[in-house]
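Spelled out from the first residue to the last, the chains are:
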Amino acid sequence: MRTGKEIRDGFRQFFVRHGHEPVASGPLVPPNDPSLMFSNAGMVQFKDVFTGQQSRPAKRATTAQKCVRISGKHNDLENVGVTARHHTFFEMLGNFSFGDYFKQEAIALAWELMTEGLGLPPDRLVVSIFGGDQGLEPDHESAAIWREVAGLPEERILRCGAKDNFWQMGDTGPCGPCSEIHYFQGEGLPDPATLGHEPRPDGSGWVELWNLVFMQFERHAKATLRPLPAPSIDTGAGLERLAAAAQGVLSNYDTDLLRPIVDLASEIAGKPYRGTLAADDISMRVIADHARMTSCLISEGVLPDRDGRAYVLRRVMRRAIRHGHRLGIERLFLHECALKAVDLLCMEYPELDEQRALVAQISEQEEERFRATLRRGLERLESHTTGKKPGHTLPGSLAFELYDTYGFPLDLQEVIGHEQGFSVDREGFERALGAARERSAGSKVGEQAVAAVYRNLSSGLGRVEFVGYEREQAESRIASLLCDGSEVQLLAKGQSGELVTKLTPFYAEAGGQVGDRGTITSAQGLFEVSDTQAPLPGLIVHRGRVSDGTFAPGQQVRLAVDHARRSATRRNHSATHLMHWALRTVLGPQAVQKGSLVGPDRLRFDYTASRPLAAEQIGEIEDLVNERVLCNAPAATEVLPLAQAKERGAIGIFEEKYGSVVRMLTLAESIELCGGTHVERTGDIGLFKILSDTGLAAGVRRIEAVTGTGAMAHLRRLERELSETARLVKSNLLDTSDKVGRMLQRHREQQHEVKELKRQLVAGGRRDLSSQARKVGAITVLGASVDVGDARALRELADKLRNKLEPAVVALGSPTKDGRAILVCTVSKPLTVRYQAGKLVRQLAEVVGGAGGGRPDFAQAGGSNPAKLEQAVQRVYSLIASPEAEVG
Ligand code: SER
């Protein structure tokens, strides 16, 4: 048997022997490609190479690529766990030709590898080709190559339409006709006529193993196809399927790539895995699949949250957690399965190993969070569904409540609905969601239209030259003026708008650094720049207002950046790099940058971490940075190929594609890719001081810090506060905390005294009550109602009065703060042979509608009617007068 690893390595080695460069998997989160949520195929990292926007030294490549198919054009989520071979996360093996070989060689290589390399029996293989569709010609050429290379008879070369045999990455991007290799799994010999029938859930039947795409076109936004600069090859074979075929198992979940996670889920649940379509087996497969996606995304810094990719991850994690709950797993378990996935995948994808701790911690946190509402959410759902007929609909408002209050993603509700026989009113849900969004935020209508103006402008103008690394002032001509989202020929005094020049020293907001401010002057006027932005790569736009004269396209202008603001921003940006380095030095590489904002007044840095920085760690980071400041090391920028930068240990967000050059900044030990503006030497930063470290979201924290004059201003503010406090408490500056500590202690003692005195006052204030005591026969009796608020004060008062009147019977009543009545009765010890407090208080309590009891010398009762307290306590006189009250 071949292991998954052997198949992956064998595939790569085969293509390396045939002149292909082995390239590491691109990230799951495609950098700089908003058109795609996740990498969904091996070609994603080469997209710009196919379209000719980028070049690569090697014309052939081979990869094992991490893929996720859960949104957009390729979405397999519904089938995961149910069929034998659908996944959210999977690995795609591929070979690529960038304008080098084409169909002939691609087909020959694939056939050789399938039959000789993997040893699959040729009579179990059939192929499909593009049979023509949507105005495109059938691919007769491929059919002829298959006949010649593989000796396949006509009935084993099937012709299909665009749906099956025209591949495209998404709505836009490179695409072309394709040819697929299908393998028959199961008993007996295949009948090619049954190809296209869904495989049976156990995996028997046809499985598509390999897709050879003949990349010939690029699809643009308006669905038009343009030929690529050179016909190319992109092939993709799912590793899990290849492994199932090579290992002779029907289900991908039975291969060594996935089965260990299924087994772990079964062990945790304490239930056997039987590989059937029973609900428990499906749940175990879903957990295995989702655990792999969870680990891979977290290891790339995607953390479960409310929108975009982060929400896709949350949906998947919560589905897995709910399947665990369904299996009866009561403890946190997802992290264990996710770590198992790390074990299985980390040899190939080292980032998984580096982020092991983060994977475990985030998985645990998310499960803890969701488990807190899961049970109540399910109960809420059940209260609605019990007694309903199968096929009923869950109202949109309830679906929204489950989503909003209990954290149930909509698709999870649909999965539950599928199991329990209800459907969810999606439209109603969307309406409720829309209404909630409107309540909480403004809409973004109009952004699309504005983007078109920028695109036109940029294609006419080309790249605006940025000269701001070297200079803060420059001369140029106005290339265009915009007002309210359209190009205009004039901007007059008082008008706000955007001004674009061929060249500029103004830095446009990017990489967390804010856009520059400053002035643009012409012979006739002054334009004050309040912000600089790059709405499209290469297009730099100055936003602001004409404060004097008029501006028109073609005018010569002088651009001057606000020097003080730029300098302050520069200090903060360089300090951000040093702090990033120091943070990783103190916390380790699991502190991954999640975002930053560098402005003139402060810097902000978001990073992954499970707990707040301790005070000593903050001190350590500050020291590390300030030591580098004092070294006064030079800042060195180099422009070099990405591969070299990586080799030299540069960190940062690798947005650039292979083959492109990057800008790398070295500041003492910090080496980072960065396009921002920086100090010349670290000494220019001045003092660095952290202001705060706060939690932002689960597993993400934010540091705010200041430098230079900002640090000085901060220290002054602290000093002012302290001096003012010292003045108020009349202390020396450096003894203030001692003094305030002592004052607080005194304050606490005084508070205690005040409370004690109040109590005494209440008790003391009633002292003259003793004068109301009467003689009943030989016995001194006192019955009185007071208002002391609580039972304890009433007891103390009764004791005091009885001591004073000794021997005596005392009955007191008081309303409580919450509107009830309390009664106490106390009888001097010698008198208890005749009268018992318990018996007396019960009879008094009848009057206020209550009951009570206690010892012979002391008893207490409560009642609901405080209005009758006076009547109740007065009754004590008549009770003592009547012989029935006596004991025995
Ligand atoms: N891009 C094609 C696919 O994903 C071949 O790699 O199927």
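Residues numbered from 1 in each chain as written. Predicted model: local features only at pLDDT ≥ 70, side-chain atom pairs only at ≥ 80, totals over all residues. Heavy atoms only, no water.

Looking at this model, I keep getting lost on the overall build of the protein. Mind explaining?
Tallying secondary structure elements over the protein gives 24 helices and 37 strands in all. Rg of the C-alpha trace for the protein: 39 Å, well past the compact-globule value of 29 Å for 888 residues, more than 25% over. In terms of principal-axis extent, the alpha carbons of the protein reach across some 130 × 85 × 50 Å. Within the protein, residue pairs in contact and separated by at least 24 positions form 68% of the contacts whose partners lie at least 6 positions apart. When the accessible surface of the protein is totalled, it reaches about 40,600 Å², and 51% of it is carbon and sulfur. (Helix = DSSP H or I, 4+ residues; strand = E, 2+ residues; numbered from the N terminus. Rg over C-alpha atoms; globule rule 2.2 N^0.38 Å. Contact = heavy atoms within 4.5 Å. Areas by Shrake-Rupley, 256 points an atom, 1.4 Å probe, with all protein chains shown as cover.)

Mind showing me how you'd approach unusual backbone geometry here?
Outside of glycine, negative phi angles account for most residues, and trans bonds account for most peptide bonds. Note that the residue after Glu 806, namely Pro 807, is joined by a cis bond; omega there is -15 degrees. Despite not being glycine, Gln 134 shows a phi value in the positive range, around 45 degrees. Accessibility expressed as a relative area gives 61% for Gln 134, which makes it exposed. Even without a glycine there, the phi angle at Ala 668 is positive, about 50 degrees. Examined against the element boundaries, Ala 668 turns out to sit in the loop between β28 (661–667) and β29 (670–673). Taking the relative accessible area as the measure of exposure, Ala 668 reaches 27% and is therefore partly exposed. (Buried < 20%, exposed > 50% of the residue type's maximum accessible area, 1.4 Å probe, protein only.)

Help me understand the side chain of Asp 139 in this model?
Within the fold, Asp 139 resides in the loop between β6 (125–130) and α4 (140–150). By relative accessible area, which is 5% here, Asp 139 ends up buried. Among the polar contacts listed, one links the side chain of Asp 139 to the side chain of Lys 103, at a separation of 2.8 Å. (Polar contact = N/O pair within 3.5 Å; in protein donor to acceptor, adjacent residues only side chain to side chain.)

Is there a simple way to think about the site of the ligand in this case?
Taken together, Ala 41, Met 43, Arg 69, Met 92, Trp 167, Asn 211, Val 213, Asp 234, Thr 235 and Gly 236 are the residues near the ligand. One of the side-chain nitrogen or oxygen atoms of Arg 69 is found 3.0 Å away from an oxygen atom of the ligand. At 3.2 Å from an oxygen atom of the ligand is found a main-chain nitrogen or oxygen belonging to Thr 235. Listing elements by their share of the shell around the ligand, those giving two or more residues are β10 (205–219) and β11 (225–238). It is β11 that provides the largest number of residues to the shell around the ligand, a total of 3 residues. The class makeup of the residues in the shell around the ligand is 5 nonpolar, 3 polar and 2 charged. (Near = heavy atom within 4 Å. Nonpolar A, V, L, I, M, F, W, Y, C, P; charged D, E, K, R; others polar.)

Would you mind showing me how to read the pairing of strand β25 (residues 593–598) here?
Working note: regular strand, side chains alternate between the two faces of the sheet. Pairing analysis gives 5 bridges linking β25 to strand β26 (residues 603–608), with the strands arranged antiparallel. Opposite Gln 593, over in β26, you have Tyr 607 as the bridge partner. Linking β25 to β26, which pair antiparallel, is a turn of 4 residues. (Pairing = 2+ DSSP bridges.)

Would you take a moment to explain the sheet that holds β29 for this structure?
Taken in spatial order, the 3 strands make up an open sheet running β27-β28-β29, and their pairing is antiparallel. The sheet is open, and its two edges are formed by β27 (635–641) and β29, each paired on a single side. Going across the sheet, the axis of each strand differs from the next one's by a mean of 25 degrees, ignoring polarity. By the bridge criterion, 7 bridges tie β27 to β28 in an arrangement that is antiparallel. Along β28, the bridge assignment pairs Leu 640 with Val 662. Taken strand by strand, helix α17 (residues 563–587) contacts β28 and β29, and its axis lies near 115 degrees from that of β29. (Axes fitted to C-alpha atoms, helices over the stretch in contact; angles between N-to-C directions.)

Help me understand the sheet that holds strand β31 (residues 700–707) in this model?
Hydrogen bonds between backbone atoms are what pair the strands of a sheet, whose relative direction is either parallel or antiparallel. Spatially, the 4 strands line up as an open sheet ordered β25-β26-β31-β30, and their pairing is antiparallel. Lying at the two open borders of the sheet, with one neighbouring strand each, are β25 and β30 (688–697). For this sheet, the mean angle separating the axes of adjacent strands, direction not counted, is 15 degrees. With 8 bridges connecting them, β30 and β31 associate as antiparallel partners. Bridged to Ala 697 within β31 is Val 700. In the packing of α17 onto the sheet, contacts are made with β25, β26, β30 and β31, and the angle to β26 comes to roughly 25 degrees.

Where do I start with the pattern of salt bridges in this structure?
For side chains bearing opposite charge, pairing can occur when the charged atoms are close. Following the criterion strictly, the structure yields 51 salt bridges and no others. For Glu 638, the salt bridge is made with Arg 648, and the minimal N-O distance between the two is 2.9 Å. Taken together, the positions of Glu 638 in strand β27 and Arg 648 in the loop between α19 (642–647) and β28 put the pair 10 residues apart, joining distant regions of the chain. Taking the relative accessible area as the measure of exposure, Glu 638 reaches 27% and is therefore partly exposed. (Salt bridge = Lys/Arg side-chain N within 4 Å of Asp/Glu carboxyl O.)

Can you walk me through a nonpolar patch on the surface in this structure?
Residues Leu 687, Leu 715 and Leu 718 make up a contiguous nonpolar surface patch of about 230 Å² in total accessible area. Position of Leu 718 among the secondary structure elements: in helix α20 (residues 708–728). Assessed through its relative accessible area of 44%, Leu 718 is described here as partly exposed. (Patch = residues over 30% accessible without salt bridge, like charges linked within 9 Å, V, L, I, M, F, W, Y side chains within 5 Å.)

What am I meant to see in the pairing of β11 here?
For strand β5 (residues 89–97) and β11, the ladder comprises 4 bridges, and the chain directions are antiparallel. Bridging across to β11, Ser 97 finds its partner in Ile 233. Both β10 and β11 contribute to a ladder of 9 bridges, which runs antiparallel. Each residue of the ladder has a partner; that of Val 213, found in β11, is Asp 234.

It is not clear to me how helix α7 (residues 259–269) should be interpreted in this structure. Could you clarify?
Turn by turn, an α-helix covers 3.6 residues, leaving residues three or four places apart pointing in a common direction. What α7 keeps buried is the set Ile 261, Val 262, Leu 264, Ala 265, Ser 266, Ile 268 and Ala 269. Gly 270 sits one or two residues past α7 and shows a positive phi near 70 degrees.

Help me understand the packing of helix α9 (residues 308–326) against helix α12 (residues 356–385) in this model?
Pairs of packed helices are described in terms of their axes, by the angle between the two and the distance that separates them. As a packed pair, α9 and α12 sit with axes 10 Å apart at the nearest point and diverge in direction by 60 degrees. The two elements α9 and α12 cross, and the hand of that crossing is right-handed. Between α9, through Arg 314, Met 317, Arg 318, Ile 321, Arg 322 and His 325, and α12, the contact on the second element is made entirely by Ile 362, Ser 363, Glu 366, Glu 367, Arg 369, Phe 370, Arg 371, Leu 374 and Leu 378. Classifying every residue of the contact of α9 with α12 by side-chain character gives 6 nonpolar, 2 polar and 7 charged. (Left-handed = near helix turned anticlockwise from the far one by under 90°.)

Would you mind showing me how to read the confidence of the model for the protein here?
The share of residues in the protein with pLDDT of 70 or more is 95%, and the mean pLDDT across the chain is 89. Predicted confidence for residues 654–659 stays below pLDDT 50, and this span has 21 contacts to residues more than four positions away or in other chains. (pLDDT = per-residue confidence, 0-100.)

In this structure, what is going on with the nonpolar core? I would like to understand it.
The nonpolar side chains of a soluble globular protein tend to be buried with one another. Counting residues in hydrophobic clusters, the biggest one holds 88 residues, and the most contacted among them are Trp 146, Leu 209, Trp 210 and Phe 408. Counting residues in each nonpolar core, the second largest holds 45 residues, with Leu 769, Leu 797, Leu 801 and Val 847 among its members. (Core = buried A, V, L, I, M, F, W, Y, C linked by side-chain atoms within 4.5 Å.)

Sorry if this is basic, but what is going on with the packing of helix α8 (residues 279–299) against helix α10 (residues 334–345) here?
Running from N to C, α8 and α10 cross one another at 70 degrees; their axes reach a closest spacing of 8 Å. As the angle between them shows, α8 and α10 are arranged roughly perpendicular. Judged by residue contacts, Ile 287, Ala 291, Arg 292, Ser 295 and Cys 296 of α8 engage Cys 337, Ala 338, Ala 341, Val 342 and Leu 345 from α10. Class assignment of the residues belonging to the contact of α8 with α10 gives a composition of 8 nonpolar, 1 polar and 1 charged. (Parallel < 35°, antiparallel > 145°, perpendicular 65-115°, else oblique.)

I tried to follow the packing of aromatic side chains on my own but got confused; where do I start?
Using the criterion set out here, one finds 21 aromatic pairs in the structure. Each ring, one from Phe 14 and one from Phe 15, has its centre 5.1 Å from the other, and the planes form 90 degrees; the classification is edge-to-face. Across this residue pair, the class does not change: Phe 14 and Phe 15 are buried. With a centroid separation of 6.0 Å and 80 degrees between ring planes, the pair formed by Trp 111 and Trp 146 is classed as edge-to-face. Pair noted here: Trp 111 is in helix α3 (residues 103–117) and Trp 146 is in helix α4, with a separation of 35 residues, a long-range link. Neither residue differs from the other here; Trp 111 and Trp 146 are each classed as buried. Members of the aromatic cluster, each reached through a chain of ring pairs, are Phe 11, Phe 14, Phe 15 and Trp 210. (Phe/Tyr/Trp six-rings, centres within 6.5 Å; stacked < 30°, edge-to-face > 60°.)

Help me understand the environment of Arg 219 in this model?
If you trace the backbone, Arg 219 turns up in strand β10. For Arg 219 and Gly 176, which are 43 residues apart along the polypeptide, the C-alpha to C-alpha distance reads 9.4 Å. When near neighbours in sequence (up to four residues on either side) are disregarded, Arg 219 contacts Phe 166, Gln 168, Asp 171, Thr 172, Gly 173, Cys 175, Thr 224 and Leu 225. Within the structure, Arg 219 has its side chain in polar contact with the side chain of Gln 168 (distance 3.1 Å).

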